[in-house]
Amino acid sequence: MRVAPNKQLDESLNARLATKGFRFTPQRQQVYTVLLHKRDHPTAEEVFIRAKHDRPEISMATVYNCLDALVKCGLVRQVTLDRGAARFCPNMTEHCHFYCDACGGVYDIGLSPRTGLPLPKGFKAERFDIAIHGRCPECSNRRK
């Protein structure tokens, strides 16, 4: 999955990392590229396996550290669904997640904070973390 260097993406990544006191490293760049390349909400282990294709020397600890830095910099969102392994999502717009109980796939679902979710008086939502469970179209069709 060798991806051609993207100078604009690298500069943006470097700037975001620097705002939180992190350095730009080839490992952080690789982990971020893996997340952007296939937006399927991979676990840290899946990111590690994908990152090893281009950086065979990368360790699992390095991947965890990179993911932690990317989350702290607001470039990636950590998604925890039930008791499963944490997953990572580079979509930083407000959205919720649909979890297919049949195949385990995780999909982004656009949902505006202004959808009128009822909140008790005096409460103001700033962000949300909603997981919807069911079957994706492929699994729904297979079941019929």
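So, how was this worked out
Residues numbered from 1 in each chain as written. Predicted model: local features only at pLDDT ≥ 70, side-chain atom pairs only at ≥ 80, totals over all residues. Heavy atoms only, no water. Patch = residues over 30% accessible without salt bridge, like charges linked within 9 Å, V, L, I, M, F, W, Y side chains within 5 Å. Areas by Shrake-Rupley, 256 points an atom, 1.4 Å probe, with all protein chains shown as cover. Salt bridge = Lys/Arg side-chain N within 4 Å of Asp/Glu carboxyl O. Helix = DSSP H or I, 4+ residues; strand = E, 2+ residues; numbered from the N terminus. Buried < 20%, exposed > 50% of the residue type's maximum accessible area, 1.4 Å probe, protein only. Pairing = 2+ DSSP bridges. pLDDT = per-residue confidence, 0-100. Contact = heavy atoms within 4.5 Å. Polar contact = N/O pair within 3.5 Å; in protein donor to acceptor, adjacent residues only side chain to side chain.

**Regarding a nonpolar patch on the surface**
- A cluster of nonpolar side chains, namely Tyr107, Ile109 and Ile132, defines an oily patch on the protein surface of about 230 Å² accessible area.
- By the element assignment, isoleucine 109 lies in strand 4 (residues 106-110).
- A relative accessible area of 32% places isoleucine 109 in the partly exposed class.

**Let's talk about the pairing of strand 4**
- In this sheet, strand 4 lies alongside strand 3 (residues 95-100) in antiparallel orientation, the contact comprising five bridges. When the sheet's bridge partners are listed, histidine 95 is paired in strand 4 with glycine 110.
- Joining the antiparallel neighbours strand 3 and strand 4 is a turn of five residues, in which glycine 104 adopts a positive phi near 85 degrees.

**Here we look at the confidence of the model for the protein**
- For the protein, per-residue confidence averages 88 on the pLDDT scale, and residues scoring 70 or more make up 92% of the total.
- Looking over the protein, one finds the lowest element-wise mean pLDDT in helix 1 (residues 7-19), namely 86, and the highest in helix 4 (residues 60-72), namely 97.

**Focus on unusual backbone geometry**
- In this structure, histidine 41 is a non-glycine residue whose phi angle is positive, near 60 degrees.
- Mapping histidine 41 onto the fold places it in the loop between helix 2 (26-37) and helix 3 (44-54).
- Overall, the relative accessible area of 2% leaves histidine 41 in the buried class.

**A short note on the environment of aspartate 108**
- Mapped onto the secondary structure, aspartate 108 falls in strand 4.
- A relative accessible area of 30% means that aspartate 108 is categorised as partly exposed.
- Along the primary structure aspartate 108 and histidine 41 are separated by 67 residues, whereas in three dimensions their C-alpha atoms are 9.0 Å apart.
- Setting aside chain neighbours within four positions, we find aspartate 108 in contact with His41, Cys89, Asn91, His95, Cys96 and His97.
- Within the structure, the side chain of aspartate 108 is placed 3.0 Å from the side chain of asparagine 91, a separation counted as a polar contact.
- Within polar-contact distance, the side chain of aspartate 108 engages the side chain of histidine 95 at 3.1 Å.

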